[in-house]
Amino acid sequence: MRSSYYVGISFYKGQIQLAEIDHGRKKTVTALNDRSSAVDFSRDAKFSADHPQLHTFIYELEEMFKENKVHSKTVSFALPTEPLLMSVIPLDATLQGTGLASHLQWEFEQYYPNVPIKDYVVSAYPVPGPSKGVKQAFLVGVQRGTIAFLKRAAAELRLQVYLIDIDHFSVEKTLRHCHPELLKDDILLIGVRGNGIDASMVSQGQYVDYRAFTLQHTDDLKKSIAEYRQYLEQKDGIESFSKIVLYGYEVSAQMINQVQRETGISTMALDAMNNLTPSKKIYEAYVQDSSRFSAALGLALRTQ
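What comes next concerns the included structure. (Residues numbered from 1 in each chain as written. Predicted model: local features only at pLDDT ≥ 70, side-chain atom pairs only at ≥ 80, totals over all residues. Heavy atoms only, no water.)

Focus: the pattern of salt bridges
(1) Moving on: Under the criterion given, the structure shown has twelve salt bridges.
(2) Moving on: The residue Lys66 makes a salt bridge to Glu62 at a minimum N-O spacing of 3.8 Å. Of the two residues, Lys66 and Glu62 both sit in helix H1 (residues 54-67), four residues apart, roughly one turn of that helix.
(3) Moving on: Its salt-bridge partner being Arg193, residue Glu82 comes within 3.1 Å of it at the nearest N-O pair. With Glu82 in the loop between strand S4 (74-79) and strand S5 (85-92) and Arg193 in the loop between strand S9 (186-192) and strand S10 (196-203), the pair connects residues that are 111 residues apart, well separated along the chain.
(4) Moving on: A relative accessible area of 33% means that Glu82 is categorised as partly exposed. (Salt bridge = Lys/Arg side-chain N within 4 Å of Asp/Glu carboxyl O. Helix = DSSP H or I, 4+ residues; strand = E, 2+ residues; numbered from the N terminus. Buried < 20%, exposed > 50% of the residue type's maximum accessible area, 1.4 Å probe, protein only.)

Structure, rendered in structure tokens:
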């Protein structure tokens with residue numbers, strides 16, 4: 001019988017986040033941990049299957065799996081957005097198979113004419129829209145070397161790679177499971193990344209837009225949110241949101257209060273453990289400060 005355990009790994013500025021969920025009668029978080037790493041996927045874009053830090057990374061994962069008594073024989077990875085090439089593109093809803101692949105390659109070459117496409121795996125995430133004939137999609141390019149690095153690390157640990165996703169997109173699953181009360185509304189989901197943010201509009205539990213912003217000063221967070229709201233109003237005529245949801249390492253009560261005060265919109269941190277049952281061995285501080293694990297838990301929630 002196939003194991004009901006699924007594990008997700010995410011990365012943030014030289015940190016590794018691990019989450020494992022047992023999909024039994026109730027979804028139980030059996031492992032939740034965070035550790036420093038010698039590998040920073042947000043900075044080093046030149047990975048390969050024989051990268052000099054490969055075995056260091058393998059050792060770090062092996063130690064995490066042993067320390068947390070991970071059961072899963074598969075592993076999923078969520079990559080940070082910084083080194084990825086991402087755009088929102090129009091897409092003919094009838095495209096499939098080789099036609100879709102050719103179109104994505106063409107779009108990629110238009111957006112990134114100086115980037116060798118042979119070095120990238122290009123895919124698309126559909127964006128819900130009102131029209132049946134034309135829709136939008138997130139165009140994403142991931143370096144093949146990064147995928148080869150992760151797959152070899154997993155193989156050395158005798159693990160099967162289940163998914164390789166993007167951390168901000170993985171959070172969608174966490175949001176849907178942990179905060180179902182928000183699924184009927186239009187909300188802003190903001191991933192706080194230290195010197196930048198990932199911003200998405202989420203409508204009825206699905207991402208319908210994405211933009212990244214660079215932060216150079218603490219006041220830039222509220223400015224970026226205001227800019228994003230103005231952009232959505234001009235693009236889609238969206239004038240109001242029921243909630244702003246923040247996740248990430250730097251999310252604090254002070255930040256939540258500041259954003260709510262400046263925007264006039266009810267603001268909260270994503271509680272990535274809501275509607276999940278922590279096992280007794282989970283460190284309570286991680287349960288209380290769970291938003292940093294939003295991407296890892298989102299991967300561990302995915303079983304298909």
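Structural notes on the nonpolar core
(1) Moving on: Membership of the largest hydrophobic core comes to 88 residues, with the highest contact counts inside it found for Ile9, Leu32, Phe41, Phe57, Ile190 and Leu297.
(2) Moving on: Membership of the second largest hydrophobic core comes to ten residues, among which are Leu91, Tyr112, Ala137 and Leu139. (Core = buried A, V, L, I, M, F, W, Y, C linked by side-chain atoms within 4.5 Å.)

Remarks on the environment of Ile244
(1) Moving on: Tracing the backbone shows Ile244 in strand S13 (residues 243-248).
(2) Moving on: For Ile244 and Met201, which are 43 residues apart along the polypeptide, the C-alpha to C-alpha distance reads 9.5 Å.
(3) Moving on: Ignoring anything within four residues of it in the chain, the contact list for Ile244 reads Leu188, Ile190, Ile225, Val259, Thr263, Ile265, Ser266, Thr267 and Met268. (Contact = heavy atoms within 4.5 Å.)

Some details on the sheet that holds strand S1 (residues 5-12)
(1) Moving on: In space, the six strands of this open sheet follow the order S8-S4-S1-S2-S3-S15, with mixed pairing throughout. Because the sheet does not close on itself, it has two edges, and the strands there are strand S8 (160-166) and strand S15 (277-278).
(2) Moving on: As paired strands, S1 and strand S2 (residues 15-23) are joined by eight bridges and run antiparallel to one another. Across the sheet, the residue bridging to Tyr6 is Ile21, located in S2. (Pairing = 2+ DSSP bridges.)

Re helix H6 (residues 253-263)
(1) Moving on: Those residues of H6 lying buried are Met255, Ile256, Val259 and Thr263. Down the axis of H6, the buried set is contained in an arc of 100 degrees. They therefore lie on one face. Those residues of H6 that are exposed and aimed more than 90 degrees away from the buried face are Ala253, Gln254 and Arg261.
(2) Moving on: Close packing links the buried residues of H6 with S9, helix H5 (220-236), S13 and strand S14 (267-269).
(3) Moving on: Among the residues trailing H6, Gly264 stands out with phi positive, at a value near 75 degrees. (Arc of directions from axis to C-beta.)

Points about unusual backbone geometry
It is generally the case that most residues other than glycine have a negative phi and that most peptide bonds are trans.
(1) Moving on: Non-glycine residue Lys13 carries a positive phi angle of around 45 degrees.
(2) Moving on: Even without being glycine, Asn275 reaches a positive phi, approximately 70 degrees.
(3) Moving on: Among the secondary structure elements, Asn275 is positioned in the loop between S14 and S15.

Some words on the packing of helix H4 (residues 167-178) against helix H8 (residues 294-301)
(1) Moving on: Orientation of H4 relative to H8, taken along the N-to-C sense of each, is 70 degrees, at an axis distance of 7 Å. When the axis of H4 is compared with that of H8, the two are roughly perpendicular. In the packing of H4 onto H8, the handedness of the crossing is left-handed. For the pair H4 and H8, the contacting residues are Asp167, Ser170, Val171, Lys173, Thr174 and His177 in the first and Ser294, Ala295, Leu297, Gly298, Leu299 and Leu301 in the second. (Axes fitted to C-alpha atoms, helices over the stretch in contact; angles between N-to-C directions. Parallel < 35°, antiparallel > 145°, perpendicular 65-115°, else oblique. Left-handed = near helix turned anticlockwise from the far one by under 90°.)

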